[in-house]
Each structure stands twice: as structure tokens, then as C-alpha cells.
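So you can see what is in the structure, the chains are spelled out below.
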Amino acid sequence: MKEIMNVLEYEVIKWEELPEAWKKENALLELEQLLQKSWTERTIFYWDEETERNQKFIDFNRADGIKIQNYVGSLLFKGEQLNIFPKLFQKESPKERTKLEASILMKNISFWLGYCDRMNIPFFSVRDSFFGKPNFLELLIAFYAKYTKGLVERQPYIQYEKKEEKGGFIRGKLLTEEYLLKQYPTGRWEQIPYEYSEFTLDNPLNRMIKRTCQLLMVRTKEEESKKNLRAIIGKLAAVQLSADSKREWERIIIPIHQKPYQTVLTMSKFFLNSLGNTVESGKNESYCFLFPTELLFEHFVSGFLNSFLPANVSIKTQTTDQYLADLWINGQNIGKAFGLREDIVIQTERNTIILDTKYKEIQPLNTPDQKRFGISEQDIRQIAIYAAKRKAKYVFLIYPLYWKEPSTSTEITYQIQLQTEEPIQLEILKIPFLIEKNEEETEQELKKQFQKIY
């Protein structure tokens, strides 16, 4: 690997700043094709409600270079690694930013995903075992190898498989039509075709797992991962390697009593789809692990709150039961219109509390000369409507602290007076989203801030 570039969301990389390998003819076209494939397959990990078919990770339609969008993570292409950090690191100078290690980015994303319970990556709850990996590919391979090895050893995936054979003794069901039309007329009357079911380890899922392990053995450089992958292949020694197609993989259905294998199936699809055509290492190696930061922030906040709220406090996310208006046509009520969707609704014994997450920059809350702190008027109006529709007296706008920005005990509250008996209390919270020292300290500060809510 020649070069590692650290950039931020929305940053423009000038043509002259691109790695030499990316400046070659058709290189950026190939990069865009890689990103397009990753964009199509991103739903393996998360659903960002983005309906655009063309990839939105990087904007290539610029005259001055390429522009990073609102996705963070790591990208490897033609031996050059691009790490995209959250814009929350913008206080770091470009010179200092080059010193940031990929492990910092990986540690933070692993931390966030560990609380994103509505995203499709359940294994990050065991993320502590995987800190220190050099990149996201090695991180995911390490999980897959460890998780799958334990599952194959503890609970082998065995299922009935239909098989067809010919012989002098029938085992199972006689295939009458084939025998009468093909075997008997050609003088092979003693070769009777029949069909039977066998409870076997050699089934489509295990063939898929074995193929995935062989692929990852080539891609990983971590000895622990190789050891676990070899153990899986050994356990599946009786499983044949057949040319199962992507269409056949899509037909695999995991029964309820084997539910842990759903994670293995999901990850196998990802690896085979993303890495299956390029098993070489070095310059031909490529991968793309990019996550939408706004979605990460929203899901992290709701997941963290849900993990420690008292039992008598309920939480709902992405509610869709409220509408802004009723539609009337010629005096007839047609129905509800303009649906509202609050990020988080908390219900205590006495109050309804609405939270709206905003992955945006605002001014420090301890600046006494400020009145608006850079808060958008649209955001204020939006949450005021939410509060009025639910008759909620308390609402919160939640923003992330920036890298090395200290927490503050300053309480900022706006009283919003609508046509209600009491004003709506809107409080502004800035919470730690980045791990600066360690996970435990960040979690404690988060709990301290969130206790203000309920």
C-alpha cells in the first residue's frame, strides 16, 4: 500500500491531490463502478431510505476533482486507502489530520454501530474483541471467522437435501416417468432412477460458507482469522464445492431454530458479492465500507437511550402516526395528509417528550453573546409542530459535540409560545459522539447528558 489519505465528509480532493494510481486513464471510472456496486449492495448492512439508484458516496461530476459526500468509513482502490472521517474532526488542521489513524475511525464507527439496534449489523455488540484491526475488511473478516467457527462447532447446519440416483435397488421414491421414457426404452432397465431425502451437512448454505472461507483465506493477513477460517473448512470437509450461483444463494431460507445462521448468510453474501471476482492482493485489492453519518447519529442516540432508560419509560423511534393536516375536497374529508415523523418519542408516567437528532454544527453553548447558536429556524419550527400535535410540553434538539470540544453544564432552553395554555420547553443538548479517550468515559458523559431528558 503506497499512501493513506485522511479526508472529511464534504471535502473536495483536488485532481493534483489524488493518488497517482487514481490519475491514470479510466481509473476514476473504475472507482465509480466499484462504488456503484457497493451502493447497490449496501442494504446488506443498512437501509438509509435513499431511493437514488446512482451511488452517492462520492461526487465525480466536478471540474476541480472529486467531492466526498455524507458517508464515512474506509475505501481501498488500486492499493491506495482513503479514510473518510466525520466532519466533526474539522477542528483538526489538514496537517494534523494526516496523523489520524484508521483505528480511530474504526473504533468510533464500531462504537456507534454497537448501539444502532435498528441497523442490520448485530455482531458489533462484541466489538471489543476486534479493536486494533488495520482496516474494516480485516475487522469484518475477523468477526465472520470467529462467529462462524463457534456456530459451526456448536450447532452444525444440517438439513434434508433431495438427491437423485440410479441403481438396482430403490431408495425412496421411484421416478416412474424418467424410467419409462428414458431408461427402459434404451435397454437400461436395470438402472432404476429414484429420489430420496438425506439429512446432510452438504447443503447450499454450508457450500456457500466453505466457498466464503476459501475466499477470505486469500484476502486476510491476520493469522488469527486464518486459523479460524481453516477450522471452519476442516469442519465442513464433507461439504462439496459446487458452482452455486447467486440466484441459488438468494433462495436459501434459514429456519427459525437455526436463526443465528442468518448473520452468517448475510455476511457470506456480502463477501462473495463484493470480493468474489478479485482474489488477488496488492494493487488489485479493493473494498468499500461506507456508512451514512446522519443515520448513524440518529440510530446511535435512540439505541443508547433505549439501553439505559428506566423500565417505566417507553421509547418509540421514527413514529408515523401523526399528520399535519386533514384533506377536504368539496366539503368531504378525504383523509390525512402530510405525515409527520419524529425521530424519538419518550413517554414517562407524566410527560410526552420529543427528541429530534440533528447531525449539524452549531455554536458552543457557553457563548453568552449568542441567541441563536447557529440553530436553524426550520428545525425550531419543525419540532414545535411535533410538540403541538402530540401536546408535548418538553422537546429536545440533540447535536453532536465536535472533536476536542469540551462538554458544558450550560443549559439552553427556548420557551415556544403557541396557542396552548403553557409554553413548550425546548432544550438544546450537545452530546459526545466521538470517543476521545475511551469508550467508558464517553458512555458516562452521554448518560449524564441524557438524564436531563426524563
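Residues numbered from 1 in each chain as written. Predicted model: local features only at pLDDT ≥ 70, side-chain atom pairs only at ≥ 80, totals over all residues. Heavy atoms only, no water.

Peer 1: Tell me what's going on with the overall build of the protein, and back it up with residues and numbers.
Peer 2: Secondary structure summary: the protein contains 13 helices and 16 strands in total. Look at the contacts in the protein between residues 6 or more apart in sequence, and 71% of them connect residues 24 or more apart. When the accessible surface of the protein is summed, it comes to about 23900 Å², and 48% of that surface belongs to carbon and sulfur atoms. (Helix = DSSP H or I, 4+ residues; strand = E, 2+ residues; numbered from the N terminus. Contact = heavy atoms within 4.5 Å. Areas by Shrake-Rupley, 256 points an atom, 1.4 Å probe, with all protein chains shown as cover.)

Peer 1: Quick rundown of the pattern of salt bridges? Include the residues and the values.
Peer 2: Under the definition given, this model contains 18 salt bridges. Ionic pairing is found between K149 and E153, a salt bridge with its closest N-O pair at 3.4 Å. Here K149 and its partner E153 are both found in helix 5 (residues 136-154), four residues apart, which amounts to about one turn of the helix. A relative accessible area of 24% places K149 in the partly exposed class. On the basis of relative accessibility, which here comes to 38%, the residue E153 falls in the partly exposed class. Notably, a salt bridge pairs E377 with R372, separated by 3.0 Å at the nearest N-O pair. The exposure class assigned to E377 is partly exposed, which follows from its relative accessible area of 39%. Linked by salt bridges that have partners in common, D356, K358, K360 and D379 make up one network. (Salt bridge = Lys/Arg side-chain N within 4 Å of Asp/Glu carboxyl O. Buried < 20%, exposed > 50% of the residue type's maximum accessible area, 1.4 Å probe, protein only.)

Peer 1: Hey, could you go over the environment of L309 for me, with residue numbers and the actual values?
Peer 2: Within the secondary structure, L309 is located in the loop between helix 11 (293-308) and strand 11 (314-329). L309 sits 145 residues away from Y454 along the chain, and the two C-alpha atoms are 8.5 Å apart. Filtering out sequence-adjacent residues up to four positions away, L309 remains in contact with I315, I346 and Y454.

Peer 1: I'd like a rundown of the packing of helix 7 (residues 204-219) against helix 8 (residues 223-235), residues and numbers included.
Peer 2: Close contact between helix 7 and helix 8 brings their axes to 9 Å; oriented N to C, the two are set at 150°. It follows from the interaxial angle that helix 7 and helix 8 lie roughly antiparallel. Crossing geometry of helix 7 relative to helix 8 is assigned as left-handed. Touching I209, K210, C213, Q214, L216 and M217 of helix 7 are K226, L229, R230, I232 and I233, all from helix 8. (Axes fitted to C-alpha atoms, helices over the stretch in contact; angles between N-to-C directions. Parallel < 35°, antiparallel > 145°, perpendicular 65-115°, else oblique. Left-handed = near helix turned anticlockwise from the far one by under 90°.)

Peer 1: Outline the pairing of strand 1 (residues 4-8), supporting the account with residue identities and numerical values.
Peer 2: Counting buried positions over the five residues of strand 1 gives four, a clear majority of the element. Examined bridge by bridge, strand 1 and strand 6 (residues 80-85) share five bridges and lie parallel to one another. Counterpart to M5 in the pairing with strand 6 is L82. (Pairing = 2+ DSSP bridges.)

Peer 1: Describe the sheet that holds strand 3 (residues 58-59), naming the residues involved and giving the relevant values.
Peer 2: Taken in spatial order, the three strands of this open sheet run 2-4-3, and their pairing is antiparallel. The two strands at the open ends of the sheet, each matched to only one other strand, are strand 2 (12-14) and strand 3. Pairing between strand 2 and strand 4 (residues 65-68): three bridges, direction antiparallel. What sits directly across from K14, in strand 4, is G65.

Peer 1: Go over the sheet that holds strand 14 (residues 394-400), please, and point to the residues and values.
Peer 2: Sheet strands pair via backbone hydrogen bonds, and the direction of the pair is either parallel or antiparallel. Reading across the sheet, the six strands line up as 11-12-13-14-16-15 and stay open at both edges, with mixed pairing between neighbours. The two strands at the open ends of the sheet, each matched to only one other strand, are strand 11 and strand 15 (412-416). Strand-to-strand twist across the sheet, computed as the mean angle between neighbouring axes with direction ignored, equals 35°. Inspection of the sheet shows strand 12 (residues 332-347) paired to strand 13 (residues 352-357) by four bridges, in the antiparallel sense. When the bridges of strand 13 are listed, Q347 appears paired with T352.

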